[in-house]
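Working through the structure, step by step
Single-letter residue listing:
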Protein chains: 2
Amino acid sequence: MITGKNYIGSQLIAGGDKVFKTFNPQLNIHNPWQFTEATTDEIKLATAIAHHAFLSFQKATGKEKALFLRTIAEEIMTLGEDLLDVYCQESGLPKGRAEGERGRTIGQLNAFADLVEEGSWVEATIDTAIPDRKPLPKVDIRKMMRPLGTVVVFGSSNFPFAYSTAGGDTASALASGCPVIVKSHPMHAGTSEMVASAIIKAAQKTNMPEGVFSNLNSSGIEVGVQLVKDPLVKAVGFTGSINGGRALYDLAAGRPEPIPVFAEMGSINPVVILPDALKQNAQKWAIACAGSVTLGAGQFCTNPGLILGIKNDDLENFSNQLANEILKMDPICMLSPSIHKNYEVNKDSLSSQQGVQVVAAYDKNDKPNYAAQKIVTVSGKEFLKNTVLHKEVFGPFSMIVQCENKAELVAVLNALEGQLTGTILGEETEIKTFNDVVDALGNRVGRIIFNGMPTGVEVCPAMVHGGPYPSSSDSRFTAVGIDAIKRWVRPFSYQNWPNDLLPEALQNENPLGLSRLVNNIQTTDSI
Amino acid sequence: MITGKNYIGSQLIAGGDKVFKTFNPQLNIHNPWQFTEATTDEIKLATAIAHHAFLSFQKATGKEKALFLRTIAEEIMTLGEDLLDVYCQESGLPKGRAEGERGRTIGQLNAFADLVEEGSWVEATIDTAIPDRKPLPKVDIRKMMRPLGTVVVFGSSNFPFAYSTAGGDTASALASGCPVIVKSHPMHAGTSEMVASAIIKAAQKTNMPEGVFSNLNSSGIEVGVQLVKDPLVKAVGFTGSINGGRALYDLAAGRPEPIPVFAEMGSINPVVILPDALKQNAQKWAIACAGSVTLGAGQFCTNPGLILGIKNDDLENFSNQLANEILKMDPICMLSPSIHKNYEVNKDSLSSQQGVQVVAAYDKNDKPNYAAQKIVTVSGKEFLKNTVLHKEVFGPFSMIVQCENKAELVAVLNALEGQLTGTILGEETEIKTFNDVVDALGNRVGRIIFNGMPTGVEVCPAMVHGGPYPSSSDSRFTAVGIDAIKRWVRPFSYQNWPNDLLPEALQNENPLGLSRLVNNIQTTDSI
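Conventions we followed
- Residues numbered from 1 in each chain as written.
- Chains lettered and ligands numbered in written order.
- Predicted model: local features only at pLDDT ≥ 70, side-chain atom pairs only at ≥ 80, totals over all residues.
- Heavy atoms only, no water.
- Domains from an automatic or database assignment.
- Contact = heavy atoms within 4.5 Å.
- Buried area = accessible area lost by both parts, 1.4 Å probe.
- Polar contact = N/O pair within 3.5 Å; in protein donor to acceptor, adjacent residues only side chain to side chain.
- Nonpolar A, V, L, I, M, F, W, Y, C, P; charged D, E, K, R; others polar.
- Helix = DSSP H or I, 4+ residues; strand = E, 2+ residues; numbered from the N terminus.
- Axes fitted to C-alpha atoms, helices over the stretch in contact; angles between N-to-C directions.
- Parallel < 35°, antiparallel > 145°, perpendicular 65-115°, else oblique.
- Left-handed = near helix turned anticlockwise from the far one by under 90°.
- Least-squares fit on C-alpha atoms with pLDDT ≥ 70 in both.
- 1 Å grid on protein atoms, 1.4 Å probe; cavity = no way out; pocket = protein on both sides within 12 Å on 5 of 7 lines; lining within 4 Å.
- Points joined across faces, edges and corners; volume = space filled by probe spheres on them.

Looking at an unreviewed UniProt entry, one finds chain A named Aldehyde dehydrogenase (NADP(+)) and attributed to Flavobacterium cheongpyeongense.

This is the structure:
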């Protein structure tokens, strides 16, 4: 079922000579399939047919795109257990997680289908003419969103379904009317090929133009670099490391025609525990933090890598309880040997910094690629001095920062880079006296959480998954939720345009029944 | 009334030694006032107090910001004739234009005041909790827009009011809750200082924090470069040339923390005349084009620099009529000797390209700084071969491109860089047979116009002033209309946040009466 070839549109092509295999970290062996990296010419062909597809796909109706997205979801389900098995073999993740993530992916596809079928997302805005206005007549102007063009999606390592081939970036881009070229993640090229086959089948069943979707194999950076530099590519979606995301951002910004890159990158997701919470609920929050830090071997963008409190006996007590809880956890297999190795190296590097002390380090791990969890602690003063301590360690690791007082806590928050999330654990009665802490945290993050854990990103309209740099490359957008579609569209005005030649969304009769802003009033009425 | 100093917040400061004067192009002499360029330390002070102001200004209520904006408008009016006089002395533009542009500026300020006073622009989105959801409970998540931080605004040369100190960029940024630092345009530093005095007075009257607005003088690029590189600056608005805008974009993208730049840059605004229009309305469109090309000495972003048609006797006839009409126009004073000089140089450079023929060139001009209008023509074939012909000539100049056939017309449109506008002049009966022309044009522009001229940018919600690169640096935004505020804000989520600690926009009771998306339904109801 896995051919190892590239989908250039609906064609399976593998003319290159650079091959690679994926790896099963649980068994610590290579998987059987061999993948052929896309060649320069194959990449060019993919962008050329995507560009051609755009000319018609950008005009697909909401209903047509919704059918396409729903059919992708169905075709993914049709792949059944086989797909889940390949997912597990390429990620080391358990089947329950595979199933859950598939459900989320299906949910995302259907949510965007609902969005574009309903249609009001195009933000139709109409200002009708006032021919007798003085001193000058007012012309008729009507605006709606239209797609940018071909979007390149870089699949993530840690979500082989939900942030990869048919994940949120692809679903939102296709929903907007943009063709998509996926550069599949080299760690799960087989999963990607299977999901790609579902997308291609759905495209054919629903009469989408050839080239609306391609899936390219790659083992290094060359394929991605060529894609981002291709003049026919108009936007990029990325989920991964700061180094990777920044490199793509720089490439895109340096093009003769710069293009937008939405890169969702690293984050250490600070969790602040306020004094009363430490006093009254140390045990509860220690259990919650231990669970969140080790969840999925800590391989989540929203993993809490930093726990902040004001130094006193209660914080000491919390540390001890967290140590206790975290050592109860069983280690979990990481996604790959290289991710595991990076985890160990980065963990050791941070642990050996000046003033860092170990709170708890799991040491009974004897399985290859399994992550040994660790908690360290450092003073606020040391943390402020040493920005190495501000870096993400991707894995089940967290650092407790013991601040002298509230002022130092605020200073630590202000010194942090941008984050996806920030969390306050506290009693409702005390939070008002920590306004400055909440404000400082709010200025650094995309989502702020009260008495909960940052892991677990609900897919809903109110979710923001993004944040100030470097958690994302543009904090004005989100990667999760229906507003993720806004990354791939631009507003477009028609002036004095004949009614019957306008897109239906802007016609007087409002044939699609959209909610529109007409002469500054939001309405579903016709004109 | 004009001191020549910088407004660092409310303080008039001029510690530097680099001075310059503005120029009266009508009289061809320097104006009397001497301006002192902001020093490195003054710039640092401006960004520091702006950052400090942001901490409180970001929380200003819609009512408070609306009062601030409306008071700015009032204070500008209070400056009365004196302001109009300085505007005219620094731009060479006539008083009627000054008055009209002031009206537009006041209108923009009041439109943003209305927007933020009503408040629904924050896109409040609420997904309430479902505690008993399986397999996992759903948490409460609420999202709204919040401001990015300090915005630096680069005033334009050609709109000393509407796209400068208190223009659309400043009005939209202040409305969003972002402090603004204006780098005033060196050609109208006096106008800028006077308008800045109105903003400062309004800030004081309405109790805005010190540092919410600054106005810096500059004669070269140094002030702007330092501002864009300052870590406390979080976004940039720019209106001007492609070279200037791109340089700022590159600087911002190259920062350790990249920041968004919305640069509205050059455009040649292609106008396509279809065959039946040429046959039936040559005279009408010749008069309209002559007026639009020469309006304000052609110094508009939407000036039609390119007129495209299919070669035949009707196009020849139209060319002759346009020649006739354009030579009837009186030359108009340009904004400055340097702009006039660039116009002459660029006009000559384009006119001397291979295959370019003169259709009409005004030659009775004897006033310094007055622009002599010119129309040239070239074949589609030559145009496709030579990208020098695709460049903007800022001034009353236009080029008629004679295409062999429809296919060549489409090829020419596809070869163009991104544009603010594109225009179709045609009979309603023929436009359907030119679908491919309309499609090609639509893919290159931000606004498409039927049977009208691109000059005259209506300020209304449905307007898009922006477009594919290089007409703007990010086609996903507009510089004109209420949606211009979206450039300066980011979505922000509160998860499980106590109701009484939420911003009013997100509280259950909906105390502001906003239109909100609650559990996927748009409503003004409380929860």
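1. Quick notes on the domain arrangement of chain A
Residue and element names in this part refer to chain A. Domain boundaries assigned for chain A yield domain 1 (6-15 + 60-122 + 134-265 + 477-487) and domain 2 (270-450). For domain 1 versus domain 2, the distance between C-alpha centres works out to 33 Å. In this assembly, 11 residues from domain 1 lie in contact with 11 residues from domain 2. Summed over both sides, the interface between domain 1 and domain 2 buries roughly 900 Å², with carbon and sulfur atoms accounting for 65% of that surface. Counting the surface domain 1 buries against domain 2, the share from its top three residues, Asn 158, Met 187 and Glu 264, is 42%. Counting across the domain 1 and domain 2 interface gives one residue pair in polar contact (both at pLDDT 80 or more). Broken down by class, the residue content of the side of domain 1 that touches domain 2 amounts to four nonpolar, four polar and three charged.

2. Re the side chain of Lys 65 of chain A
Following the sequence through the fold, Lys 65 of chain A ends up in helix H2 (residues 62-78). Look past the residues within four positions of Lys 65 of chain A in its chain and what remains in contact with it is Phe 57, Ala 60, Val 116, Trp 121, Leu 174, Ala 175, Ser 176 and Gly 177 of chain A.

3. A closer look at the packing of H2 of chain A against helix H6 (residues 189-205) of chain A
Residues and elements named next belong to chain A. At a minimum axis separation of 8 Å, H2 and H6 run at an interaxial angle of 135°. In terms of axis orientation, H2 runs oblique to H6. Both H2 and H6 take part in a crossing whose hand is right-handed. Contacts between H2 and H6 involve Phe 68, Thr 71, Ile 72, Glu 75 and Ile 76 from the first element and Val 195, Ala 198, Ile 199, Lys 201, Ala 202, Ala 203 and Lys 205 from the second.

4. Quick notes on the relation of the copies chain B and chain A
The transformation that overlays chain B on chain A combines an axial shift of 0.0 Å with a rotation of 180°, and the residual RMSD is 0.0 Å. Given the turn and translation reported, the copies of this chain are related as if by a two-fold rotation axis. Rotation axis and chain B: the residue whose C-alpha lies nearest the axis is Ala 253 of chain B, separated from it by 3.3 Å. When you check the interface residues of chain B against chain A, 100% turn up at the interface there too, and the contact is symmetric in its surfaces.

5. Brief notes about empty space enclosed by the protein
Enumeration over the complete set of coordinates arrives at eight cavities of 30 Å³ or more. Estimates place the volume of the largest cavity at around 300 Å³. If you list the elements that add at least two residues to the lining of the largest cavity, you get strand S6 (141-147) and strand S21 (489-495) of chain A together with strand S8 (141-147) and strand S23 (489-495) of chain B. Its residues assigned to classes, the lining of the largest cavity comprises eight nonpolar, two polar and 10 charged. Taken as a whole, the second largest cavity encloses approximately 90 Å³ of empty space. Lining the second largest cavity are 16 residues, and of these Ile 268, Gly 305, Lys 391, Glu 392 and Val 393 of chain B lie nearest its centre. Residue composition of the lining of the second largest cavity, grouped by class: nine nonpolar, five polar and two charged.

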